[in-house]
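Each chain, letter by letter, is given below.
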4 protein chains.
Amino acid sequence: MANSMEIFEQWESEIRAYCRAAPSVFKSASNAKQVDENGKEYVDFFAGAGVLNFGHNNPKMKEAMIEFLKEDGVAHSLDMYTSAKRSFIEKFVETILKPRNMKYKMQFTGPTGTNAVEAALKLARKVTGRDDVVAFTHGFHGMTLGSLACTANHYFRNAAGVSLDNVIRWPFGTGKNYMESLEDLKAMFNDPSSGVNAPAAFLVETIQAEGGVRVGSLEWLEGIQQLARDLGALFIIDDIQVGCGRTGSYFSFDGTDLDPDIIVLAKGIGGYGTPLAMTLNKPEYDEKWSPGEHTGTFRGQGLSFVAGTKALDYFDNDELMNKTKKHGEYMSFFLKDLAEGNDDVEVRGRGMIVGFDVTDGDKAKAIARECFENGMLIGVCGSRGEVLKFIPPLTIPEEDLKKGLEIFSDAYKKVIG
Amino acid sequence: MANSMEIFEQWESEIRAYCRAAPSVFKSASNAKQVDENGKEYVDFFAGAGVLNFGHNNPKMKEAMIEFLKEDGVAHSLDMYTSAKRSFIEKFVETILKPRNMKYKMQFTGPTGTNAVEAALKLARKVTGRDDVVAFTHGFHGMTLGSLACTANHYFRNAAGVSLDNVIRWPFGTGKNYMESLEDLKAMFNDPSSGVNAPAAFLVETIQAEGGVRVGSLEWLEGIQQLARDLGALFIIDDIQVGCGRTGSYFSFDGTDLDPDIIVLAKGIGGYGTPLAMTLNKPEYDEKWSPGEHTGTFRGQGLSFVAGTKALDYFDNDELMNKTKKHGEYMSFFLKDLAEGNDDVEVRGRGMIVGFDVTDGDKAKAIARECFENGMLIGVCGSRGEVLKFIPPLTIPEEDLKKGLEIFSDAYKKVIG
Amino acid sequence: MANSMEIFEQWESEIRAYCRAAPSVFKSASNAKQVDENGKEYVDFFAGAGVLNFGHNNPKMKEAMIEFLKEDGVAHSLDMYTSAKRSFIEKFVETILKPRNMKYKMQFTGPTGTNAVEAALKLARKVTGRDDVVAFTHGFHGMTLGSLACTANHYFRNAAGVSLDNVIRWPFGTGKNYMESLEDLKAMFNDPSSGVNAPAAFLVETIQAEGGVRVGSLEWLEGIQQLARDLGALFIIDDIQVGCGRTGSYFSFDGTDLDPDIIVLAKGIGGYGTPLAMTLNKPEYDEKWSPGEHTGTFRGQGLSFVAGTKALDYFDNDELMNKTKKHGEYMSFFLKDLAEGNDDVEVRGRGMIVGFDVTDGDKAKAIARECFENGMLIGVCGSRGEVLKFIPPLTIPEEDLKKGLEIFSDAYKKVIG
Amino acid sequence: MANSMEIFEQWESEIRAYCRAAPSVFKSASNAKQVDENGKEYVDFFAGAGVLNFGHNNPKMKEAMIEFLKEDGVAHSLDMYTSAKRSFIEKFVETILKPRNMKYKMQFTGPTGTNAVEAALKLARKVTGRDDVVAFTHGFHGMTLGSLACTANHYFRNAAGVSLDNVIRWPFGTGKNYMESLEDLKAMFNDPSSGVNAPAAFLVETIQAEGGVRVGSLEWLEGIQQLARDLGALFIIDDIQVGCGRTGSYFSFDGTDLDPDIIVLAKGIGGYGTPLAMTLNKPEYDEKWSPGEHTGTFRGQGLSFVAGTKALDYFDNDELMNKTKKHGEYMSFFLKDLAEGNDDVEVRGRGMIVGFDVTDGDKAKAIARECFENGMLIGVCGSRGEVLKFIPPLTIPEEDLKKGLEIFSDAYKKVIG
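Just so you know, these numbers come straight off a predicted model, no measurement behind them.

## Some remarks on the overall build of chain A
Scanning chain A from terminus to terminus reveals 15 helices and 18 strands. Against the 2.2 N^0.38 benchmark of 22 Å for 417 residues, chain A shows a C-alpha radius of gyration of 21 Å, consistent with a compact globule. A principal-axis box enclosing the C-alpha atoms of chain A has dimensions of 60 × 60 × 45 Å. Burial analysis of chain A (417 residues in total) assigns 69% to the buried set. Sequence separation of at least 24 residues holds for 72% of the intrachain contacts in chain A that already meet a minimum separation of 6. Surface exposure of chain A reaches about 13,100 Å², of which carbon and sulfur atoms provide 45%. Here chain A contributes 46 positive and 59 negative side-chain charges, whose respective centroids are spaced 2 Å apart.

## Some remarks on the packing of aromatic side chains
Per the counting criterion, the structure on display carries 98 aromatic pairs over all chains. Judged by centre distance (5.6 Å) and plane angle (75°), the rings of C:Phe140 and C:Phe156 are edge-to-face. Highlighted residues: C:Phe140 in the loop between β6 (133–136) and α7 (145–148) and C:Phe156 in helix α8 (residues 154–158), separated in sequence by 16 residues. The exposure class assigned to C:Phe156 is buried, which follows from its relative accessible area of 15%. Consider the rings of C:Phe251 and C:Phe253, whose centres lie 5.2 Å apart with planes at 15°: the pair is stacked. You'll find C:Phe251 and C:Phe253 in the same group, each marked buried. Members of the aromatic cluster, each reached through a chain of ring pairs, are A:Phe54, A:Phe88, A:Phe92, A:Phe108, A:Tyr250, A:Phe251, A:Phe253, A:Phe305, A:Tyr314 and A:Phe315.

## Overview of the domain arrangement of chain A
Residues and elements named next belong to chain A. For chain A, the assigned domains are domain 1 (6–58 + 319–416) and domain 2 (73–315). Look at where the C-alpha atoms of domain 1 and domain 2 centre, and you get two points 26 Å apart. Counting from both sides, the interface comprises 31 residues of domain 1 and, opposite them, 29 residues of domain 2. A per-residue breakdown of the area domain 1 buries against domain 2 is headed by Phe-54, Arg-350 and Ile-353, which together make up 26% of the total. Inspection of the domain 1/domain 2 interface yields one salt bridge. Of all the secondary structure elements, the ones that give two or more residues to the side of domain 1 that touches domain 2 are α3 (47–50), α13 (319–339), β14 (346–350), β15 (353–357) and β18 (387–390).

## Quick word on the pattern of salt bridges
Counted under the stated rule, the structure contains 105 salt bridges over all chains. For the salt bridge of C:Arg20 with C:Glu14, the shortest nitrogen-to-oxygen distance reads 3.5 Å. As a salt-bridge pair, D:Lys33 and D:Asp400 come within 3.5 Å of each other at their nearest N and O atoms. With D:Lys33 in strand β2 (residues 33–36) and D:Asp400 in helix α15 (residues 398–416), this pair connects stretches of sequence that are 367 residues apart. D:Asp400 gets classed as buried once you look at its relative accessible area, which sits at 5%. Each of the salt bridges in this network shares a partner with another, and the network as a whole consists of A:Glu14, A:Arg16, A:Arg20 and B:Lys105.

## Quick look at the relation of the copies chain C and chain D
Think of it as a corkscrew move, a rotation about one axis and a shift along it, taking one chain copy to the other. Note on the copies: chain C fits chain D at an RMSD of 0.0 Å, the axial shift is 0.0 Å, and the rotation between them is 180°. Here the two chains are linked by the operation of a two-fold rotation axis. Across chain C, the rotation axis passes nearest the C-alpha of C:Leu145, at a separation of 2.5 Å. Comparing interface residues between copies, 100% of those in chain C also sit at the interface in chain D, which points to an isologous, same-surface contact.

## Re the sheet that holds strand β4 (residues 81–82) of chain C
In spatial order, the strands read β4(C)-β1(D)-β2(D)-β3(D)-β16(D); together these five strands make up an open sheet with mixed pairing. Two strands bound the open sheet, and with one partner strand each, they are β4 of chain C together with β16 (376–377) of chain D. Strand direction decides the pairing type here: strand β3 (residues 41–44) of chain D and β16(D), joined by two bridges, are parallel. Bridged to D:Val43 within β16(D) is D:Met376.

## Here's the deal with helix α10 (residues 218–231) of chain C
All names here are of chain C. Between its terminal C-alpha atoms α10 stretches 20 Å, which fits the 20 Å expected from 14 residues at 1.5 Å a residue. Among the residues making up α10, those that are buried are Trp-220, Leu-221, Gly-223, Ile-224, Gln-225, Leu-227, Ala-228 and Leu-231. In the core, the buried residues of α10 are packed alongside β6, α9 (178–189), β8 (201–204) and β11 (234–238). Measuring from the backbone nitrogen of Glu-219 back to the side-chain oxygen at the start of α10 gives 3.3 Å, which picks out Ser-217 as the cap. Gly-232 lies just past α10 and shows a positive phi near 70°.

## Brief notes about the interface of chain C and chain D
Taken together, the 108 residues of chain C in the interface contact 108 residues of chain D. Taking both partners together, chain C and chain D bury about 9,600 Å²; carbon and sulfur atoms supply 63% of that area. It is C:Trp11, C:Ile15 and C:Tyr81 that lose the most area in chain C upon contact with chain D, and together they represent 10% of the buried surface on that side. Viewed at the interface, chain D and chain C are joined by eight salt bridges.

## Quick notes on the packing of α9(C) against α10(C)
Residues and elements named next belong to chain C. Look at α9 against α10: their axes get within 10 Å of each other, and the N-to-C directions meet at 5°. Between α9 and α10, the angle is such that the two are roughly parallel. Across the interface between the two elements, Tyr-178, Met-179, Leu-182, Leu-185, Lys-186 and Phe-189 of α9 pack against Glu-219, Trp-220, Gly-223, Ile-224, Leu-227 and Leu-231 of α10. Looking at the contact of α9 with α10 residue by residue, the classes come out as nine nonpolar, one polar and two charged.

## A short note on the arrangement of the chains
What separates chain B from chain C at the closest point of their C-alpha atoms is a distance of 7 Å, and the two make no contact. The two units chain A and chain D are non-contacting; their minimal C-alpha-C-alpha distance is 7 Å.

## Considerations on the sheet that holds strand β14 (residues 346–350) of chain B
Residue and element names in this part refer to chain B. Strand order in the open sheet made by the four strands is β14-β15-β18-β17, with antiparallel pairing throughout. Each edge of the sheet is formed by a strand with only one pairing partner; in this case those strands are β14 and β17 (379–381). Between one strand axis and the next, the sheet turns by 30° as a mean value, whatever way the strands run. Along the sheet, helix α13 (residues 319–339) contacts β14, β15 (353–357) and β18 (387–390); its crossing angle with β15, the most-contacted strand, is approximately 10°.

## Remarks on the interface of chain A and chain C
Every contact between the two is made by 27 residues of chain A and, on the other side, 26 residues of chain C. For the pair chain A and chain C, the summed buried surface comes to about 2,400 Å²; carbon and sulfur atoms form 47% of the total. Ranking the residues of chain A by area buried against chain C places A:His154, A:Pro192 and A:Ser193 at the top, with a combined share of 23%. Counting the contacts that link chain A with chain C gives zero salt bridges. Our enumeration of links across chain A and chain C arrives at 23 residue pairs in polar contact (both at pLDDT 80 or more). Contributions of two or more residues to the side of chain A that touches chain C are made by α8 (154–158), β7 (167–170) and α9 (178–189) of chain A.

## Some words on unusual backbone geometry
Even without being glycine, B:Cys244 reaches a positive phi, approximately 60°. With respect to the helices, strands and loops of the structure, B:Cys244 is situated in the loop between β11 (234–238) and β12 (262–265). Judged by relative accessible area, which is 1%, B:Cys244 ranks as buried. Positive phi, normally seen in glycine, also occurs at D:Asn166, with a value near 65°. Residue placement: D:Asn166 occurs in the loop between α8 (154–158) and β7 (167–170). Relative accessible area serves as the criterion here: at 11%, D:Asn166 is assigned to the buried category.

Reading the values: the criteria
- Residues numbered from 1 in each chain as written.
- Chains lettered and ligands numbered in written order.
- Predicted model: local features only at pLDDT ≥ 70, side-chain atom pairs only at ≥ 80, totals over all residues.
- Heavy atoms only, no water.
- Helix = DSSP H or I, 4+ residues; strand = E, 2+ residues; numbered from the N terminus.
- Rg over C-alpha atoms; globule rule 2.2 N^0.38 Å.
- Buried < 20%, exposed > 50% of the residue type's maximum accessible area, 1.4 Å probe, protein only.
- Contact = heavy atoms within 4.5 Å.
- Areas by Shrake-Rupley, 256 points an atom, 1.4 Å probe, with all protein chains shown as cover.
- Lys, Arg positive; Asp, Glu negative; His and termini not counted.
- Charge placed at Lys NZ, Arg CZ, Asp CG, Glu CD.
- Phe/Tyr/Trp six-rings, centres within 6.5 Å; stacked < 30°, edge-to-face > 60°.
- Domains from an automatic or database assignment.
- Buried area = accessible area lost by both parts, 1.4 Å probe.
- Salt bridge = Lys/Arg side-chain N within 4 Å of Asp/Glu carboxyl O.
- Least-squares fit on C-alpha atoms with pLDDT ≥ 70 in both.
- Pairing = 2+ DSSP bridges.
- Expected span 1.5 Å × (residues − 1).
- Polar contact = N/O pair within 3.5 Å; in protein donor to acceptor, adjacent residues only side chain to side chain.
- Axes fitted to C-alpha atoms, helices over the stretch in contact; angles between N-to-C directions.
- Parallel < 35°, antiparallel > 145°, perpendicular 65-115°, else oblique.
- Nonpolar A, V, L, I, M, F, W, Y, C, P; charged D, E, K, R; others polar.

The structure is reproduced here in structure tokens:
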């Protein structure tokens with residue numbers, strides 16, 4: 001029977017979530033469209049939670065992956081050397097690192113963001129010999145115990161069942177008074193009777209995506225970086241959701257003075273939705289690793305390397321990034337216009353990540369559901385799910401972009417009135 | 001330049017490990033063979049650390065994956081419903097669960113073993129409201145902070161940089177005196193002044209693979225299960241490395257009275273080396289989850305579902321499992337014969353996981369290196385890397401199996417004399 | 001040999017500290033004077049670290065203690081009932097609790113401040129079922145692991161050797177911007193994605209004594225109390241050093257709207273320097289205790305009850321408290337006058353606790369040493385020992401007060417110039 | 001009103017415990033007798049929980065204390081030098097340390113056992129740079145968070161409200177199979193994949209008093225000591241309850257090859273029930289302390305030094321210790337005789353600490369209550385309060401000893417039949 005969901009309801013865990021918000025069985029997908037088993041089309045503003053920057057089933061990647069499969073490329077290699085992995089590294093070095101004069105060492109971890117965050121935390125603790133890490137309100141860094149301790153959302157934290165230790169929490173640099181708050185933090189770290197130990201690292205997102213599309217102040221981010229330097233702590237940017245081109249440049253902090261000691265990447269780097277995760281470690285810190293101290297079975301994924309290499313072609317020139325900026329501005333403009341006159345709504349973002357904050361989680365959920373009914377996929381984020389998060393593929397055709405926004409506009413008007 | 005490793009040495013993290021033991025660049029692979037860029041062939045007794053139970057680039061899976069790619073199947077879906085996912089669930093239910101009268105709920109986590117272990121620990125703590133978990137000497141359960149706390153190896157543990165809490169450690173059920181040791185543990189848990197809190201769970205491998213191919217006593221395992229029942233704790237089997245057919249049956253504990261509350265699977269279930277991880281939760285515990293309490297971006301991998309579904313075909317009849325048993329016995333016989341007369345060598349295992357313990361890590365390493373030079377890949381395990389671990393694809397052709405063993409035999413004789 | 005210190009140097013632990021700053025062997029003491037074995041007299045502005053509010057060897061207490069000894073009173077009773085304990089309780093109820101309409105239950109813990117703080121923390125965690133406690137920069141609450149986690153000073157914290165968990169640290173309410181900082185804290189606790197769990201308690205000193213005689217803003221303290229109420233957390237005042245009359249009233253917060261759920265007392269309540277510690281618990285929380293859940297061998301000290309009962313006579317009328325206020329004002333006036341024109345010096349305090357902050361720990365130490373040489377005992381406090389702390393007995397004769405201040409004045413001028 | 005308990009019930013915390021078992025108000029006490037306000041006499045086999053080794057209101061101590069009070073001796077000095085402290089140190093060195101060729105440094109901590117245990121743990125962690133401590137089932141070491149983590153009893157542990165970390169728990173060396181269990185522990189510590197880190201210390205009582213008068217096997221204790229040496233860990237004996245002469249020699253381990261790195265003393269050393277606690281640290285470890293790293297307000301108690309010095313006179317010759325052995329043997333003989341034929345009763349102990357284990361906590365409680373009614377004080381201990389603990393003053397007159405035992409005998413017969 002087409003589109004039957006019974007088997008899931010009967011045999012899959014009660015923990016399933018997105019399928020409750022979008023109760024359909026999806027059969028195929030292409031660039032910014034998903035199609036369910038009944039043939040209904042959806043414009044995708046969710047993009048696999050920010051993974052599919054280059055669209056569903058990107059044709060060039062698909063072609064390369066099929067070729068790789070046919071030629072019996074090494075699909076799974078842990079950290080053994082393979083031709084596919086070398087191609088990926090070479091491409092990343094030439095396209096991303098060298099043009100920026102970056103000298104990072106690439107560390108492939110288990111292929112999920114949380115594995116990479118855990119690796120970054122270990123390295124920072126190893127380098128400094130310190131326990132504590134500073135993480136920020138509304139931050140999201142993953143679900144395994146080490147990264148979960150850094151994640152701010154209580155719903156996730158409460159599921160740990162144990163105390164989440166060794167994290168110092170501080171307000172994120174957005175909203176108001178964040179520079180005063182940074183001064184407070186500095187004062188604490190500079191006082192030998194503050195009760196706050198010098199940290200191993202500061203772990204920060206430049207734009208908190210899950211946290212509600214909160215854009216960090218650059219002045220504040222630079223202040224955090226300077227504080228890390230002053231304290232001998234590592235400055236780690238988690239660019240998992242807003243890196244890989246999302247904001248209109250490869251890294252979310254390109255063009256600033258931010259110079260992180262470790263950059264954490266996942267989601268978009270595998271290109272096709274194929275799992276891959278990586279930390280970029282400054283060599284002077286990377287050399288503190290002993291071989292195999294942090295491992296993970298699936299850290300050498302051939303298909304991800306192949307698709308990921310193709311994804312990097314998009315950064316050979318400015319075309320996609322320029323389009324990303326242009327489309328991002330259009331989205332922001334459209335949504336701000338829509339929200340005009342409603343003081344309960346705030347639109348935030350940069351490049352092609354835009355948050356539409358309606359203050360109220362129930363309303364946001366109702367809007368998202370209405371969008372789903374009308375053929376558009378969009379997720380919610382923020383402390384209470386009160387922010388609709390617009391993260392379509394960067395490759396979305398203009399007509400799909402417009403169509404999605406129209407569906408959203410109608411849903412917003414219907415729900416909010 | 002063919003086979004150049006320079007790019008890795010220059011740009012990849014110092015943490016890389018397997019590539020140091022097998023310094024070659026691999027270009028292609030097929031069933032139990034890997035080929036490097038110089039055209040040199042290697043018989044593979046490593047199988048991607050126990051992932052490739054069905055061989056490299058299994059033809060049927062490959063065909064299905066290419067088809068799936070061509071048809072624009074949904075490659076990445078988080079926990080939304082997809083046709084590919086439903087096929088996998090249906091196949092798993094029909095082939096694995098129903099014939100065993102098992103009623104587990106399937107929970108797809110982030111696609112690595114450690115993510116699944118973290119999920120299992122969370123669920124056990126949630127269900128019981130308790131903090132501590134009992135784990136065993138030589139156990140290996142992953143590298144993220146929650147699972148790492150359960151992992152026994154100090155090399156990995158020391159890299160955490162923080163205290164690994166909430167785990168009670170006890171000797172594993174092998175060797176000698178393990179039943180007395182179990183009695184001690186029981187006595188402690190039954191004494192209100194033992195200093196050991198009632199645990200949330202017992203987390204155990206039936207055969208400790210990374211720990212040195214240590215085969216747990218069935219009597220002991222049943223004793224642990226009973227103790228868990230008596231204490232209201234969950235009994236969790238981590239079948240990541242020895243499940244999926246490795247021992248000659250789908251689960252390593254098939255045919256016994258072991259009835260785990262949670263089973264953790266990863267490695268082999270994605271079939272092709274494509275990442276997938278899953279816990280099987282008894283429904284009465286699974287229902288304690290609230291939606292989305294434990295998530296992970298890559299928990300809906302289309303290619304893994306497609307390949308994994310094909311992998312399950314191998315369990316439609318007994319052919320592969322019978323062959324696995326037969327080949328396993330042959331391996332054990334061959335290796336025991338080889339070790340004959342050397343009291344420093346012990347051969348252990350079941351089905352197609354066999355450990356060849358030479359007592360001395362340097363010797364084991366030397367043998368593995370000699371094998372590599374002569375065209376065979378094999379890894380080491382155990383507390384000091386003193387055990388050579390034989391885990392070829394279950395689908396290995398007999399001639400490759402024999403060839404690999406011969407190469408090993410020569411290497412052993414050369415190194416040990 | 002009179003005044004020989006050799007035996008201490010040879011046989012006592014290297015951890016000894018005050019004796020290094022005041023290297024003499026003291027033989028006798030009376031009210032605000034100590035005499036060493038060479039007959040040299042010292043005016044005592046240290047008062048046993050704030051214990052001896054009623055002077056050394058207070059005659060009325062001494063008399064009562066001798067009488068008690070002669071009559072074979074029960075010197076040590078754990079928490080069995082004794083006549084001496086009942087007298088203390090009755091006196092405390094009549095003199096302190098009833099006039100203030102307070103309904104606290106008195107809990108006698110092991111007779112040191114840290115034992116009482118540990119009890120308060122346990123009760124707060126028990127009542128709320130929560131783990132974390134909010135404590136503040138520069139706070140001092142003791143040296144055992146639970147209270148040490150709340151203590152801010154790194155020198156003490158670093159000696160723990162283990163991670164000090166379950167404490168949320170925030171700036172104390174003094175200096176500048178503390179109300180903004182309080183707003184930040186509120187915002188965090190009211191946000192379900194702040195990463196900061198609702199706490200079991202807020203633990204605060206109204207005046208941080210060891211922390212450098214930092215006087216908490218009343219507005220801020222009331223804000224903290226309100227926040228505790230709003231969050232269902234307990235509001236705990238540690239009045240160990242500034243209670244028992246030190247500020248010119250029995251509790252440091254008398255006359256305010258502060259209404260703590262638990263008050264922690266020690267130091268001065270035993271009267272004679274005889275150990276005693278107590279928490280005052282609101283009955284609705286106290287009843288959550290089960291018998292004997294927190295114990296301590298020396299929690300029933302007959303001599304401390306006898307002396308402590310006599311100490312409470314001082315609160316039958318206003319005489320001592322009025323004198324305390326008057327002398328406190330005189331101390332402050334004198335010291336501010338002395339500091340006049342030196343921008344590096346700040347004088348802070350209330351009642352008879354006054355801090356003279358010279359910014360520089362070495363200078364403070366030099367002044368204290370000069371005072372010692374000239375017959376005056378004074379201690380230092382603050383993050384770097386930069387604050388001279390004036391806490392003479394409340395009963396100090398005016399001439400001793402003046403003499404001590406003169407010695408200090410000379411020392412200050414000699415060291416600072 | 002004589003003997004009124006109302007004031008306690010109304011104003012004292014619900015946590016009170018011993019007073020519920022012995023509901024009377026005690027007015028005076030002398031050697032092994034306590035008298036309540038109604039004039040009823042009780043023979044004291046409880047001795048203030050093992051504090052009053054030299055009886056209530058020991059006349060020589062009393063005389064010295066009164067003299068000290070009259071002469072205005074320094075009652076409270078923190079760690080400043082005083083004449084009274086020097087006398088105590090000299091006496092302890094001459095009487096206890098020198099005759100045993102011991103070279104320990106004496107560290108006075110806050111005057112309760114738990115404070116001293118916390119100090120010992122800090123020093124061990126500081127010396128070794130390690131986190132974990134090995135403690136044993138049924139061990140009791142105190143109630144503050146660091147020592148409580150080492151305490152085994154769940155009733156006490158559960159009151160902590162937070163996770164008690166950094167302790168490895170193992171079966172204590174008594175009963176059966178303890179040497180096998182020690183072998184298991186050794187094996188774990190010698191295996192780099194055991195999951196058990198090398199510890200900072202082993203913390204052990206030679207006889208577990210609160211734990212139920214469990215006498216540790218000497219062979220086992222020596223094995224633990226050797227294991228500590230082999231691992232570079234400190235061997236700490238907590239002699240708080242069974243030191244100071246209780247077993248018939250000053251230390252409970254006199255005459256054995258046990259040579260602890262740290263000895264923890266409290267309870268009996270203050271002599272009169274006056275609080276005092278001390279660790280004896282081997283100099284090579286003690287020198288790792290920096291001044292003031294572990295402090296405590298009441299660590300210089302003049303009255304305790306004076307009484308404690310007098311107490312040491314009892315160790316100038318063998319008289320008291322010989323009597324202790326003789327009376328201890330008599331107690332054991334009497335109680336074994338009483339238990340003759342009842343398989344549910346076991347008598348254990350050494351010197352004048354004897355446990356009478358009736359297997360059942362309710363029965364033990366009933367016996368103790370019956371004793372109380374008939375003029376004898378005795379406490380219970382053990383996992384479920386199933387052991388009656390005989391710890392009268394060592395100075396108990398023979399007639400009181402016999403009288404107490406007779407009362408007990410009657411109560412036992414009445415309850416058990």
